[in-house]
Amino acid sequence: MKGDARRKEIFRLLQGSDRPISGSALAKRLSVSRQVIVQDIALMRKGGTPILSTTKGYAIQSSGAYSRVYKVRHSDEQTEEELNTIVDLGGRVEDVFVYHRVYGILRADLNIRSRHDVHLYLERISNGSSKLLKNTTSGYHYHTVSADSKEILDMILEALDEKGFLAKLQDYEPVDFWANPN
């Protein structure tokens, strides 16, 4: 299969999947090396195809026409409830990020679309020595959430508020640590 045809097939496979597909799985399916897949993905991105790299593989970036950022705060034990609240109402948790006073914005792509994704994410966190990103900022963190309508985003906002997960928004001013170390 030639490069253009292979990239069209990669796009078709990713678009038709409800979860990320690993580079190895794509390589096996298309009878090429994983490195060829990595190069194809890079070319597709350069051409404007919105492909996300996740810990679970590649995925087409959400087609949700609407997105909103929510500032939240909760305990580690409430993380599952927070994420399930979002996906149960039809939201997709695109990322998590924090505003750290020294390091600035720290962001990680999540691409969580279902309870299964929530389970896998929490399993990976609990099986390693890494901690949730929110713990670098006393629990305060943000999620970019996409959905198919503004109404869904409004329902998510209301549900997060009812559960006490929403945090008060404040103006953020980056601090130049070296200019003012106090």
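For the structure, see preceding data.
What you are looking at is a predicted structure, and each value in this text was computed from that prediction instead of being measured. (Residues numbered from 1 in each chain as written. Predicted model: local features only at pLDDT ≥ 70, side-chain atom pairs only at ≥ 80, totals over all residues. Heavy atoms only, no water.)

A. Broad picture of the pairing of strand E6 (residues 140-147). For E6, the tally of buried residues reaches seven of eight residues, placing the bulk of the element in the interior. Note that strand E3 (residues 66-73) and E6 share eight bridges and pair antiparallel. In the sheet register, Lys71 faces E6, and the bridge partner there is Tyr142. Here strand E4 (residues 92-100) runs beside E6; their pairing, made up of three bridges, is antiparallel. The residue of E6 that forms the bridge with Val93 is Val145. (Buried < 20%, exposed > 50% of the residue type's maximum accessible area, 1.4 Å probe, protein only. Helix = DSSP H or I, 4+ residues; strand = E, 2+ residues; numbered from the N terminus. Pairing = 2+ DSSP bridges.)

B. Main features of the nonpolar core. By size, the foremost hydrophobic cluster in this structure holds 20 residues, and its most contacted members are Tyr70, Ile112, Tyr121, Ile156 and Leu160. Contributing elements (two or more residues each) for this core: E3, helix H4 (79-88), E4, strand E5 (104-112), helix H5 (115-127), E6 and helix H6 (150-162). If one sorts the elements of this core by residue count, H6 sits on top with four residues. If sequence neighbours within four positions are ignored, Tyr70 has contacts with His141, Tyr142, His143, Val145, Leu153, Ile156, Leu157, Leu160 and Leu166. Formed by 13 residues, the second largest nonpolar core is a distinct cluster that contains Leu14, Ile21, Leu26 and Leu30. (Core = buried A, V, L, I, M, F, W, Y, C linked by side-chain atoms within 4.5 Å. Contact = heavy atoms within 4.5 Å.)

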